Structure formats: structure tokens, C-alpha cells
Amino acid sequence: MRSYEMVTIFNASIEDYEATTQEVAEVVRGLGAEELSVEPWGKKNFAYPIEKQLEGFYTLYKFKLDPAQVKEMERLLSLKTYLLREMTVNLDEK
């Protein structure tokens, strides 16, 4: 298991932001993630338009996951229409 951080940007027009963040958390948990924490950052304006949107909801997820499951997680999240961007980074354990 490795430690990861994932930042997501949701479409600003979603109706229930908390339910949407929990839905993404369930996708990550379903792949066997441990110690999952969710930190909502709220709605922020973009520096440039993303898919014709000027603002979106940012959320930070921290979790431990088997490295073999990261590609599958990214594939499953790419199917979500309300998710504008997602970036997962591996945290170095020093």
C-alpha cells in the first residue's frame, strides 16, 4: 500500500456537493483504499475555462491504495460526467 493524494474538480452546477464527494470516496473505498480522508475546499474560480466552465468545486482526498489499483480508479473516475479534472500523486514516505 502506498500513500496518495488526489485533487478533484467537480462541475459547479452539481446539486449536492457533499453527496458527490462521498460518491467518489466510495469508488476509492471499493478498490480497497485505507485511511481515506476527504477535505472539501469549496467553490473556486478557474484561471482559465475548463470545458466551458469558469468555476468548480475542489476536493482533496488522502488515502492508501495498492499501486495496481490506481489506473482502475482513474478509469472509473473518468466515467463520471460531473468530474472536470482529477490528479492523483504518490506521496513519498520519508
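For the structure, check the block above.
Keep in mind it's a predicted model, so treat the numbers as computed, not measured.

Draft legend 1. Focus on the environment of M6. Structurally, M6 is set in strand 1 (residues 2-11). Spatially, the C-alpha atom of M6 lies 5.4 Å from that of M87, the residues being 81 residues apart in sequence. Discounting residues that sit within four places of it in the chain, M6 has contacts with V24, V28, T59, L60, Y61, F63, M73, L77, E86, M87 and T88.

Draft legend 2. Representation of unusual backbone geometry within the structure. Within the chain, E35 stands out as a residue other than glycine whose phi angle is a positive 50°. Within the secondary structure, E35 is located in strand 2 (residues 34-50). In this model, E51 sits at a positive phi of 50°, which is unusual for a non-glycine residue. You can see E51 is positioned in the loop between strand 2 and strand 3 (53-65).

Draft legend 3. Layout of the pairing of strand 2. Bridge analysis of strand 2 against strand 3 gives ten bridges, and the strand direction is antiparallel. Directly across from E39, in strand 3, lies its bridge partner L60. Where strand 2 folds back onto strand 3 in an antiparallel hairpin, the turn is made up of two residues, including E51, whose phi is positive at roughly 50°.

Draft legend 4. The arrangement of the pattern of salt bridges in detail. Taken as a whole, this structure holds six salt bridges when the rule is applied. Here E5 ties to K62 by a salt bridge, and the two come within 3.8 Å at their closest N and O atoms. Taken as a pair, E5 in strand 1 and K62 in strand 3 lie far apart in primary sequence, 57 residues in all. E5 gets classed as partly exposed once you look at its relative accessible area, which sits at 22%. Among the salt bridges present, the one from R85 reaches E51, with a minimum N-O distance of 4.0 Å. With a gap of 34 residues between them, R85 in strand 4 (residues 83-90) and E51 in the loop between strand 2 and strand 3 connect regions that are remote in the sequence. Under the relative-accessibility criterion, R85 is labelled partly exposed at 40%. Judged by relative accessible area, E51 falls into the exposed class, the value being 51%.

Rules behind the numbers
- Residues numbered from 1 in each chain as written.
- Predicted model: local features only at pLDDT ≥ 70, side-chain atom pairs only at ≥ 80, totals over all residues.
- Heavy atoms only, no water.
- Helix = DSSP H or I, 4+ residues; strand = E, 2+ residues; numbered from the N terminus.
- Contact = heavy atoms within 4.5 Å.
- Pairing = 2+ DSSP bridges.
- Salt bridge = Lys/Arg side-chain N within 4 Å of Asp/Glu carboxyl O.
- Buried < 20%, exposed > 50% of the residue type's maximum accessible area, 1.4 Å probe, protein only.

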